[in-house]
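# Structure assessment
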Amino acid sequence: MGVMERVKAPAAKQRTPKAAPLDLPLDTILQGDCIAMMRSLPAASVAMIFADPPYNLQLGGDLHRPDGSQVDAVDDDWDKFDSLAAYDRFTHAWLKEAKRILKPNGSIWVIGSYHNIFRVGTALQDNGYWILNDIVWRKANPMPNFKGTRFTNAHETLIWASMGEKSRYTFNYRAMKTLNDELQMRSDWLIPICGGQERLKKGGTKVHPTQKPEALLYRILLACSNPGDVILDPFFGTGTTGAVAKRLGRRFIGIEREDGYIEAAKERIEMALPLDESTVRTMMAPKAATRVAFGTLVECGMIAPGTTLTDTKRRWKAMVRVDGSLECEGQPAGSIHKVGAGVQGAPSCNGWTFWHVDTGKELRVIDTVRQDWLLANEA
Ligand SMILES: C[S@@+](CC[C@H](N)C(=O)[O-])C[C@H]1O[C@@H](n2cnc3c(N)ncnc32)[C@H](O)[C@@H]1O
């Protein structure tokens, strides 16, 4: 343990035009302490961090089910700290390094439970991050409170933060809304805990006590990163982040100390199949969508200079000039929007839906020509 070794994981195929810095150990698991390993990475180099740090669980002895069997709780050394103060020092130190290597418009996700998440929240704010949301991951199938002494602990909390109050960050709002059947995605997520085929086991025993569900990472990566982005996970465990990143066409860097987890992560990522490039494209907000000017359609000959445009009732006619402006009797020449507004005596007009090309057989609204251009040219 503590050996700073670079373990090359199977590469996720680069399927986007975005170039990642060459000096980053992409699609690699770095073995060692996360603070030391993060120090080896260049400043402002990763787009997003997902961190599932030790929770410093204070369980106070073994947990048993009503039938007397012992609950498989987290009692590993990596989760133990001498005191809350020691945990706080550790949290501050890794969050500070994380901030150095995040890009100015990057964001960080940290998951935790009631044992640690409030301390993590304080440390995030003390390090200058700006909290954007806390997400409640409501477990569809939580472990009951066997003793009946407290409420069933049925959720974990994720904090999502940007680099500062004024920092920009990636949020694929439209993709999240589409994922949620056209309803704005809320901050409470109902997702089952990791189980079934997805749960890694060796000889019938769980490989890792806190393997996170891929569905959780799927949503986070879709929401806050884009294909080709570099995602860092400083507490990689079984590599849930790496497996989902590979599937979704993102690049990853994992950091983990324990040999056994690294081996499991490597095998798992090897098996993960990257989705096709066209599959990982998501809905975009209109303002994020490629903007195409009317002049572009003229330039490339999709609407030739000299073409006559008209409205649905053929009340007005305008001629397209070489620079994409329109000439219309009784109006000063101008853009499709300006001239459209002018002929109607309206304060504004969406020229894309107002003007049509008369093909002789039908009127074709120019917005459909724009859609054709986007289909043919959008990456
Ligand atoms: C909560 S688990 C993460 C589980 C992971 N998200 C998954 O889905 O498998 C935390 C992991 O961090 C590792 N870890 C703890 N302290 C670390 C440190 N200082 N540096 C690197 N790894 C560490 C542990 O070995 C453990 O695998």
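Presented here is a report on the structure given in the accompanying data block. (Residues numbered from 1 in each chain as written. Predicted model: local features only at pLDDT ≥ 70, side-chain atom pairs only at ≥ 80, totals over all residues. Heavy atoms only, no water.)

This brings us to the nonpolar core. Grouped together as the largest cluster of nonpolar side chains are 33 residues, with contacts concentrated most on Ile-49, Trp-94, Ile-108, Tyr-129 and Leu-232. Ranked by the residues each element gives to this core, the list is headed by helix α2 (residues 84-101), at six residues. Not counting residues up to four positions away in its chain, the partners in contact with Trp-94 are Cys-34, Ile-35, Met-38, Ala-51, Pro-53, Ile-108, Val-110 and Phe-235. Core analysis: the second largest hydrophobic core is formed by 32 residues, Met-48, Trp-109, Leu-158 and Met-185 among them. (Core = buried A, V, L, I, M, F, W, Y, C linked by side-chain atoms within 4.5 Å. Buried < 20%, exposed > 50% of the residue type's maximum accessible area, 1.4 Å probe, protein only. Helix = DSSP H or I, 4+ residues; strand = E, 2+ residues; numbered from the N terminus. Contact = heavy atoms within 4.5 Å.)

Turning next to the sheet that holds strand β12 (residues 308-310). The five strands are arranged β14-β13-β12-β15-β16 in an open sheet whose pairing can be described as antiparallel. Unpaired on one side and paired on the other, β14 (326-327) and β16 (363-365) mark the two borders of the sheet. Two elements, β12 and strand β15 (residues 356-358), share two bridges in a ladder whose sense is antiparallel. Residue Thr-310 lies in a different strand from β15, and its bridge partner there is His-356. Sitting on the sheet, helix α11 (residues 366-377) is in contact with β12, β15 and β16, with an inclination near 55° to β16. (Pairing = 2+ DSSP bridges. Axes fitted to C-alpha atoms, helices over the stretch in contact; angles between N-to-C directions.)

Bringing the pattern of salt bridges into the picture now. In this structure the tally under the stated criterion is 17 salt bridges. For the salt bridge of Arg-268 with Glu-214, the shortest nitrogen-to-oxygen distance reads 2.9 Å. Here Glu-214 lies in helix α5 (residues 214-224) and Arg-268 lies in helix α7 (residues 259-271), a separation of 54 residues in the sequence. The partner of Arg-321 in a salt bridge is Glu-327, with the nearest N and O atoms 3.3 Å apart. Relative accessible area serves as the criterion here: at 41%, Glu-327 is assigned to the partly exposed category. Beyond isolated ion pairs, a larger network of salt bridges with shared partners links Arg-39, Glu-97 and Arg-100. (Salt bridge = Lys/Arg side-chain N within 4 Å of Asp/Glu carboxyl O.)

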